[in-house]
Amino acid sequence: MGWVSVALIAVPLAGAVALLVAPGALRPVLRIYGPIVSGVTLVLAVVMLAAFDHGQAARPQFAVDQPWIPGLSLRFHLGVDGISLPLVVLTALLTFLCFAYLGWGGGRRPGQLLSARPGGARPRALVFTLLVLEVGMIGTFLALDLLLFFVFFEIVLVPMYFLIAVWGGEGRRRAAVKFILYTLLGSVIMLLGLLLVWAQTGTLDIVALGDAHGAGMPRAVQVLAFAAIGIGLAVKTPMWPLHTWLPDAHTEAPTVGSVLLAGVLLKMGTYGFARIAIPILPEGAVAVAPWLGALAVVGIVYGALACLAQRDLKRMIAYSSVGHMGFVLLGFATLTTVGINGALFANVAHGLITGLLFFVAGGIKDRYHTGDMPSLGGGMLATLPHLGAVLTFAAIASLGLPGLAGFWGEMLALLGAFQPGGGLPRGLFLTFMVIGGLGAVLTAAYFLVMLSRVTHGVPSVPAGPAVPAGAAVPTAPTVPAVPAGPGPAPVTTGAGGDAVVSGMGSDAVATGAGAGAGFDERAAAVSATAEVTGDAAGWETPDERPVQPLETQPEQARSPGRDDGSPAAGMLDVQRYELVAWVPLIVLTLLFGLWPKLLLSLTTPAVQNLLGALS
Amino acid sequence: MIQEIDYFAIAAPLTLALFAGLVLVLDAFLPARPRVRPALGLVTLAGVLVALGFVVAQAVRGGSALSTFCVPPGLNAPGGGCSYVVDRFTLILAGLVLVAAVVVVLMSMTELARGDIPVGEWYFLLLCTLVGAVTLPASRDLIMLVVALELVSLPVFALTALKRYDGRSSEAAVKLFLVSVVSTAVMLFGVSLLYGIGGSVFLDRLGAVLGGEAAAPGRPGAGASDLGASVLGASVLGASDLGTSVLGAEHGLPGVVTVGVVLVVAGFAFKIAAVPFHAWAADVYQGAPIPVAALLSVISKAAGFAGLILVLVTALPGQAGAWVPIVAILSALTMTAGNLLAMRQRSAVRLLAWSSVAQSGYILAPLAVAPAGTGAGASVAYLVMYAAMNLGAFAVVMLVSRVARRNELDDYRGLAFRSPVAALALAFCLLCLAGLPPGLAGLFAKIVVFREIVDGGAGWLAVVMAVNTVIGLYYYVAWTARLFVPVTAIGGAVREGAAQAVVAPRSAPAVWAAIGVAVAVAVLFSAAPQLVLDLTTVT
């Protein structure tokens, strides 16, 4: 059955190569090409799930072991066990959903980047990038050789860089560079740690090293190697204080980029702890665990406090990821079966829920053309009831309501901290547990505040009921009809928001024009009007924004804007292509929330195995 | 004395020398028609390929190493020795030089098509450089080594200056000339000191004397008892400790050995543009015609490293205590300075110049930790992979330079839309240089080096190199990203005229062939790095 593992990597890779070799033939079918390739991958993942021997969840299955580079003793060794299987399926699923989101229906909606549009959306490059990304992500979870793991770990960097730098928002260049430099620094340090392990033991085989449980490595070497590998993984996870690349990357990435970044890429970091750091270097793990736990709880509290201070929806979700990953790391730091199980559960749950949150946030940003929460104006449950409902669901799931997937992982992680293993100081971990519990309360607080700002309350503007849903598709032909006033309203808010966040773009004219270029379909109308009103509004926005910028706009300029300009009138409730992508995530969140044993039964044997002597 | 010469052993440099003469004669006697220019290029190419054929034949033959120009034992020195040895190391580096030469000749054919450079002289000088570069890795005595190294360097000054009436080019030639002459003088001084102490020019004989295994001739008090003591000392210390503990005093070698070692290392450091002798790199690369810059960054550098490895590993293993720290510090400084300077560049060629300085640092690093010889294997492996990717980058830069005279990084904006194949090739080569997938060749090359360093226990050097990898990534990725940015999206920054022109494959077939060769090799190394490692681990 080893072919399934190989095929999981080979199918997306072949799909990407085919795009490179035969661009002309595939261009007309591009919109269904991505879903087909990733769909085949998903089917393979499901086959793997079905054929997986649950009785043997602790051992690698579907194994392939071929020499690749004997000179480096690097073997092409793949396989899955109970820890990696859920992540492989999650990756295949999220990638497929992203493609479905991009290509479903006509593919002409704002979030669907595959449609041709002026300025070059470059759909072929996007499909190519996502497929290469999938190769790296699935490969990381399948690899059972230290260097092979590292190679796949690195493969994701360049596609994600381009995903952010090409299809991202205003500050994309900076965010993308920050992302790639940070993560590369992390992974190079990790490489040094891996090579140190190799130099000490003479093998790169993760299975053999895991079974040895650190035999043959002195304690000092284990601590050093664990620190090096841990730093590399912690950058990816991200752990406070190495997280600073994350909010920028998330805020600027396109919707699918954010979904995959949060849903899968962060998991690669945490997965590394479970696959490499803890089983191979148990003594190092015991030595570093208190520090790991401390940084994890700082991350939980810091993430929650930072979330409370955010104005941008995507940025807030990004910081919430820091908090959630803090719970995952705390689970690992306990070195108990319960804690690590919880960490792995929280991992998958975070992938599902935060993936959904980013999908919804992307949908909101496409509709309102801003992610700034005060500008959204509240009352979404009244104006866009379905979208508001999904956002509410995702937020509640994320804050850890019992009965939904987000609850179990965090609960188990805290439970693990109640009785840490491996001879770790109990008092310290009890403290961590208490602080983590407070962090969970804060998590609930910021999500509820967000909901009260966005979904509840009276809509600040009457939604344009006069406009029938079908007629107001904001495509190019309707644009010239936009009167002089409304067009720039969202544009200048976007620019102002940018000025607040990044301290750039003080020149309102320039930012207005720049933003116009971003929203290609409206570029023509905006460029004429942005200079007029953008100028007038732009001077005061930076100062006015913290108060309540929408109210300061002249009434006559605002209401027509809401009527047939872009935000309100063009806003349709949840669309079919969005439903296609979101429903599976909602269903799985409910399923794992109500029946956590489904996942825990997979991971428990593997976790017991990896802890070995410690448990 | 009549020496027997094994002509098969020296077939490769001999072929190149004969073709050099042939090109000069053809240039003098053929009518000056436009067709003659490419014809001479093809003759040169044929010469390089024939020489490459000989190298392949020598490699296929297997068996023991070929050697010629030998001195029989007991003639003037105990033990005797050979000046020219064709072993695995020689074959790898000769093969590397000749394959790189194919790419450089192909690039030259396009460069010369413009018509402002004399063709015959160009190819003659190019072939002379190649003779030196192929001879150098085979040299096993100090004199041959210095002569070969000068044969590599001297024609390059002239090649740099051949772009007549060009101020930059002349300046570059003068700079290169001065730097090279100074470095030769420094090295000759060091070489003469080593000869004075060791009493032999043969590297293995020198190694024996400087390692304390044989008595230094002519030293007062040198006798059988002293020799016995030193051998005893060596055996007590054990082989692994030899490197650190055997310094002059212990075996009665004068301290001037260390001076000689340092001077020789400094001389080679000039050639490979290592810090603090790196300052010439950017100006010379930018002033020289691009094929010459490529030649400097790959062939000339490979020759420099070949000489350095030969001297350090064959002649000076016993003095490792003196040169290991020097090489380690040079390596760390070189990679850091190269990367930091590269970050600030706007010109594509200058950026590649500093990046190649940084890469020199990576190649030096394994030498600094594992003097036993495996380190040299890692260095050669890195050198081979680096040659492929760097030549690929230079070939694309050459292509772009035909439409953008200033050749700045901004000229590369939107290359992916004008010439997707060139952009993909350049992107691949840059990612290889950065060491990121899909450029697996570069990644594995770095892993080989890292492995050697970590295994050798030089943790600080590994950390320095790790940080440098990240710095390097910054400018490589910034350049790569430019390739895919549509020109329309940057508003006023559109450069008028040149940058917009389409680079059609028809216009410069030779450069496209060069790109094809270099990128194909880089892709091959990415998929099967074992090819390189197989070749280089045994050295």
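Model, not experiment: these values are computed from the prediction. (Residues numbered from 1 in each chain as written. Chains lettered and ligands numbered in written order. Predicted model: local features only at pLDDT ≥ 70, side-chain atom pairs only at ≥ 80, totals over all residues. Heavy atoms only, no water.)

Participant: It is not clear to me how the interface of chain B and chain A should be interpreted in this structure. Could you clarify?
Facilitator: Size of an interface: often given as the accessible area lost when the parts come together. In this complex, chain B contributes 32 residues to the contact, which on the side of chain A involves 31 residues. Of the roughly 2,900 Å² buried where chain B meets chain A, counting both sides, 83% is carbon and sulfur surface. It is B:Ile447, B:Arg451 and B:Val470 that lose the most area in chain B upon contact with chain A, and together they represent 20% of the buried surface on that side. The interface formed by chain B and chain A contains zero salt bridges. The tally of links from chain B across to chain A stands at three residue pairs in polar contact (both at pLDDT 80 or more). Counting only elements with at least two residues in the side of chain B that touches chain A, the list comes to α17 (420–434), α18 (440–456), α19 (459–483), α20 (509–527) and α21 (530–537) of chain B. Each residue belonging to the side of chain B that touches chain A can be placed in one class, and the counts come to 26 nonpolar, four polar and two charged. (Contact = heavy atoms within 4.5 Å. Buried area = accessible area lost by both parts, 1.4 Å probe. Salt bridge = Lys/Arg side-chain N within 4 Å of Asp/Glu carboxyl O. Polar contact = N/O pair within 3.5 Å; in protein donor to acceptor, adjacent residues only side chain to side chain. Helix = DSSP H or I, 4+ residues; strand = E, 2+ residues; numbered from the N terminus. Nonpolar A, V, L, I, M, F, W, Y, C, P; charged D, E, K, R; others polar.)

Participant: Even after reading the chapter, I still don't get empty space enclosed by the protein, so can you show me in this structure?
Facilitator: It is a probe the size of a water molecule, rolled over the atoms, that shows where empty space is left. All names here are of chain A. The tally for this structure, following the rule as stated, stands at 11 cavities of 30 Å³ or more. Each pocket or cavity is described by its volume, and for the largest cavity that value is around 190 Å³. Element by element, the count of residues in the lining of the largest cavity is highest for helix α9 (residues 206–212), at four residues. Its residues placed into classes, the lining of the largest cavity shows 10 nonpolar, two polar and four charged. (1 Å grid on protein atoms, 1.4 Å probe; cavity = no way out; pocket = protein on both sides within 12 Å on 5 of 7 lines; lining within 4 Å. Points joined across faces, edges and corners; volume = space filled by probe spheres on them.)

Participant: What is the right way to look at unusual backbone geometry in this model?
Facilitator: As a rule of thumb, non-glycine residues mostly have phi less than zero, and peptide bonds are mostly trans rather than cis. Note the cis peptide between A:Thr237 and A:Pro238, where omega equals -10 degrees. Of note, A:Pro238 is situated in the loop between α10 (219–236) and α11 (245–252). A cis amide bond links B:Val275 with the next residue in sequence, B:Pro276, at an omega value of 5 degrees. In this fold, B:Pro276 is placed in the loop between α10 (256–271) and α11 (280–287). You will see that A:His369, though not glycine, has its phi angle at about 60 degrees, which is positive. Looking at the secondary structure, you find A:His369 in the loop between α15 (337–368) and α16 (373–376).

Participant: Would you mind going over the packing of aromatic side chains with me for this structure?
Facilitator: Two aromatic rings are characterised by how far apart their centres lie and by the angle between their planes. All chains considered together, the criterion is met by 24 aromatic pairs over all chains. Seen in terms of ring centroids, A:Trp68 and A:Phe76 are 6.4 Å apart; in terms of plane orientation they differ by 85 degrees. Their pairing is edge-to-face. You can call A:Trp68 partly exposed: its relative accessible area is 25%. With 6.3 Å between their ring centres and 80 degrees between their planes, B:Phe69 and B:Tyr84 make a pair best called edge-to-face. With a gap of 15 residues between them, B:Phe69 in strand β1 (residues 66–71) and B:Tyr84 in strand β2 (residues 81–86) connect regions that are remote in the sequence. By relative accessible area, B:Tyr84 is classed as buried at 3%. Members of the aromatic cluster, each reached through a chain of ring pairs, are A:Phe141, A:Phe149, A:Phe153 and A:Tyr271. The lysine or arginine in question, A:Lys236, covers the ring of A:Phe153, its NZ or CZ lying 4.7 Å from the ring centre. Sitting above the plane of the A:Phe418 ring, A:Arg426 keeps its charged end 4.6 Å from the centroid. (Phe/Tyr/Trp six-rings, centres within 6.5 Å; stacked < 30°, edge-to-face > 60°. Buried < 20%, exposed > 50% of the residue type's maximum accessible area, 1.4 Å probe, protein only. Lys NZ or Arg CZ within 6 Å of the ring centre and 35° of its normal.)

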